[in-house]
Amino acid sequence: MLTYIKESVEELKNNVTLPPRAESSNLMVIVAVFSIIFALATWGVDSLFGELIQLYFTKVIN
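Now for a description of the structure that goes with this document. Here the structure is a predicted model, which is why all the values come from computation and not from measurement. (Residues numbered from 1 in each chain as written. Predicted model: local features only at pLDDT ≥ 70, side-chain atom pairs only at ≥ 80, totals over all residues. Heavy atoms only, no water.)

## Thoughts on the packing of aromatic side chains
Right, so step 1: For the coordinates displayed, the defined rule picks out one aromatic pair.
Right, so step 2: Measuring from ring centre to ring centre gives 5.3 Å for Y56 and F57, while their planes differ by 70°; the resulting arrangement is edge-to-face.
Right, so step 3: Assessed through its relative accessible area of 52%, Y56 is described here as exposed. (Phe/Tyr/Trp six-rings, centres within 6.5 Å; stacked < 30°, edge-to-face > 60°. Buried < 20%, exposed > 50% of the residue type's maximum accessible area, 1.4 Å probe, protein only.)

Shown next as structure tokens:
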């Protein structure tokens, strides 16, 4: 296990290159926008199903 950790740190130091700061910022904005859109879509579908279930049980019980 210790060998694995040492090799992982070595690989991070020598083989991994980070993108430029401007590219990282652009990608962060894209991820944030899509996360918000996905959250709003999930909220919308959840609200719709909640209303449909409430309507269904109102019709069945009454």
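Anyway, onward from the coordinates.
## Digging into a nonpolar patch on the surface
Right, so step 1: Together, V45, L48, F49, L52, I53, L55, Y56, F57, V60 and I61 line one region of the surface with nonpolar side chains, adding up to about 1000 Å² of accessible area.
Right, so step 2: Residue position: I53 is located in helix α2 (residues 21-61).
Right, so step 3: Taking the relative accessible area as the measure of exposure, I53 reaches 49% and is therefore partly exposed. (Patch = residues over 30% accessible without salt bridge, like charges linked within 9 Å, V, L, I, M, F, W, Y side chains within 5 Å. Areas by Shrake-Rupley, 256 points an atom, 1.4 Å probe, with all protein chains shown as cover. Salt bridge = Lys/Arg side-chain N within 4 Å of Asp/Glu carboxyl O. Helix = DSSP H or I, 4+ residues; strand = E, 2+ residues; numbered from the N terminus.)

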